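Per-entry structural report
Next come the chains, spelled out residue by residue.
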Amino acid sequence: MKQIQGSFIRGFVTIVVSGHMPEMFFQECVRRGITVWNIKRENKKTCSGNVKLSDLREVKRIRREFQYKISFRERKGFPFLFSRFFRRKEFVLSFIASIFFILFMSNIIWKVEITGELPKEIEEKISKQLNKYGVHPGAWIFTLDPPGKIQQKLTEDIPELLWVGVHQKGTTYHLEGVEKIVVKEDKVEGPRNIVAAKKGVIKRMYVSKGLPIVSINDYVEPGKVLVSGILNEVDNSAGNEDGKDKKKPVKVAAEGEIIASTWYEVDVTIPLKKNYELLTGKKEKKYFLGFNNFTFPVWGFGKPEFEAIHYDSNQTPIKFLKWELPIFIKETTLSEKQYHEIVRTHEEAVEAGIKQAKEELQLQLGPEAKIVSEKILHESVENGKVKLYLYMTVEENIAKAQPITQGD
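Structural notes, computed from the coordinates. (Residues numbered from 1 in each chain as written. Predicted model: local features only at pLDDT ≥ 70, side-chain atom pairs only at ≥ 80, totals over all residues. Heavy atoms only, no water.)

A cluster of like negative charges, contributed by Glu 347, Glu 348, Glu 351 and Glu 379, occupies part of the molecular surface. For the negative patch, the element with the most residues is helix H8 (residues 346-365), which contributes three residues. If you trace the backbone, Glu 348 turns up in helix H8. On the basis of relative accessible area, Glu 348 is assigned to the partly exposed category, the value being 41%. (Patch = residues over 30% accessible without salt bridge, like charges linked within 9 Å, V, L, I, M, F, W, Y side chains within 5 Å. Areas by Shrake-Rupley, 256 points an atom, 1.4 Å probe, with all protein chains shown as cover. Salt bridge = Lys/Arg side-chain N within 4 Å of Asp/Glu carboxyl O. Lys, Arg positive; Asp, Glu negative; His and termini not counted. Charge placed at Lys NZ, Arg CZ, Asp CG, Glu CD. Helix = DSSP H or I, 4+ residues; strand = E, 2+ residues; numbered from the N terminus. Buried < 20%, exposed > 50% of the residue type's maximum accessible area, 1.4 Å probe, protein only.)

So, in structure tokens, the structure goes:
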């Protein structure tokens, strides 16, 4: 019984054997290892039975040896179904065209959704940027960057976005964004003093409202009152018994800018030798059709004439309706790269270290701060690297508003 299992998949034939003692033909088939079943004697000189499609060649050889007459009655199984199917060319072409049409429609974008509590202006900016990236209804999915790269581009090109998530679900692109909320320093309302935010030596003062407490070249510590919001006003509205005018305090919101010299200690390490890669901008693209771990090229044959190549691959699965097939399109970008080596002298490394330290400190303090001078406190060379310990002088605004309480 096990021998005939799966015979429908591989195909089998019902043959009719005619001649003297036809049952001997089937016995000879069994003797030679051919599987036969459903043997029936139809009359004295005729028997019928089933044999596998793969055994027909041996059956015909036996027929020639014993001079029996064989005719085929029925053909059953998938091979014959496929044969009948492919003989109908119009139907086959229509079926293949339908499959390709469904595959095509399953791999284009039908909808782009932008969700999240975003202002209308930001949504319009996102839509414009997506159109520039080619992400719009009707776009071919294989021509688009992966969602992660689109997400990175959006956050770089739209500064109002704090975060954006890009997800592809079937033929729909879902985008969820969060607006960047610029947290402004709480403005102190009402009467206030101006105090020092950090220690320093006063260099310049611009006071538009309030009473200056410190002078140029004064050293101040954090929290020191620089400009007072308490003014003394002469009260001469009523006569005084002692003949002197009284002064009553008046509280105002002090305003001003206090520029002071501040100091920072910064350490930086610079290598004497540095290797880096640089892309020249020349590139070629190749496309592959893949199945599991096997891929074969479909476009972009040959090897580019680059001495060094940087490979960047993007793999997009092919979808059929809502299902992902185990087939994918792989796009590989081959970019020309060049290797460069920088060998610095000790003086060049020190200069580069000072420049790097200034840039890092400037980024930390903001554009309004001005780095006045720098001094190397300690310098050493270890393992091909120059280590610097720098002392930097900066001129910056140290004014900080502080509310005046009732006890002041």
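Don't stop here, the text continues.
Attention shifts here to the pattern of salt bridges. For the coordinates displayed, the defined rule picks out 15 salt bridges. When the shortest N-O distance is used, the salt bridge between Lys 337 and Glu 277 registers 3.7 Å. Of this pair, Lys 337 sits in strand S19 (residues 323-343) while Glu 277 sits in strand S16 (residues 273-291), and the two are 60 residues apart along the sequence. Assessed through its relative accessible area of 12%, Lys 337 is described here as buried.

With that settled, consider the side chain of Ser 380. Looking at where Ser 380 falls in the secondary structure, it is placed in strand S20 (residues 370-382). Given the relative accessible area of 17%, Ser 380 is considered buried.

Together, Arg 57, Lys 60, Arg 64 and Arg 75 give the surface a local cluster of positive charge. It is helix H3 (residues 56-66) that contributes the most residues to the positive patch, three residues altogether. Relative to the helices and strands, Arg 75 is located in strand S4 (residues 69-76).

All of the buried residues along H3 are Leu 56, Val 59 and Ile 62. Buried residues of H3, viewed axially, fall in a sector of 115°; they line one side. Those residues of H3 that are exposed and angled more than 90 degrees off the buried face are Arg 57 and Arg 64. The inward-facing, buried residues of H3 contact strand S1 (12-18), helix H2 (23-31), strand S3 (46-52) and S4. A positive phi of about 55° marks Gln 67, the residue just after H3. (Arc of directions from axis to C-beta. Contact = heavy atoms within 4.5 Å.)

Take the sheet that holds strand S18 (residues 309-320) next. With antiparallel pairing, four strands are arranged side by side in an open sheet as S17-S16-S19-S18. In the strand order of this sheet, the two ends are held by strand S17 (294-299) and S18, each with one partner. Between one strand axis and the next, the sheet turns by 40° as a mean value, whatever way the strands run. By the bridge criterion, 11 bridges tie S18 to S19 in an arrangement that is antiparallel. When the bridges of S19 are listed, Lys 319 appears paired with Glu 324. (Pairing = 2+ DSSP bridges. Axes fitted to C-alpha atoms, helices over the stretch in contact; angles between N-to-C directions.)

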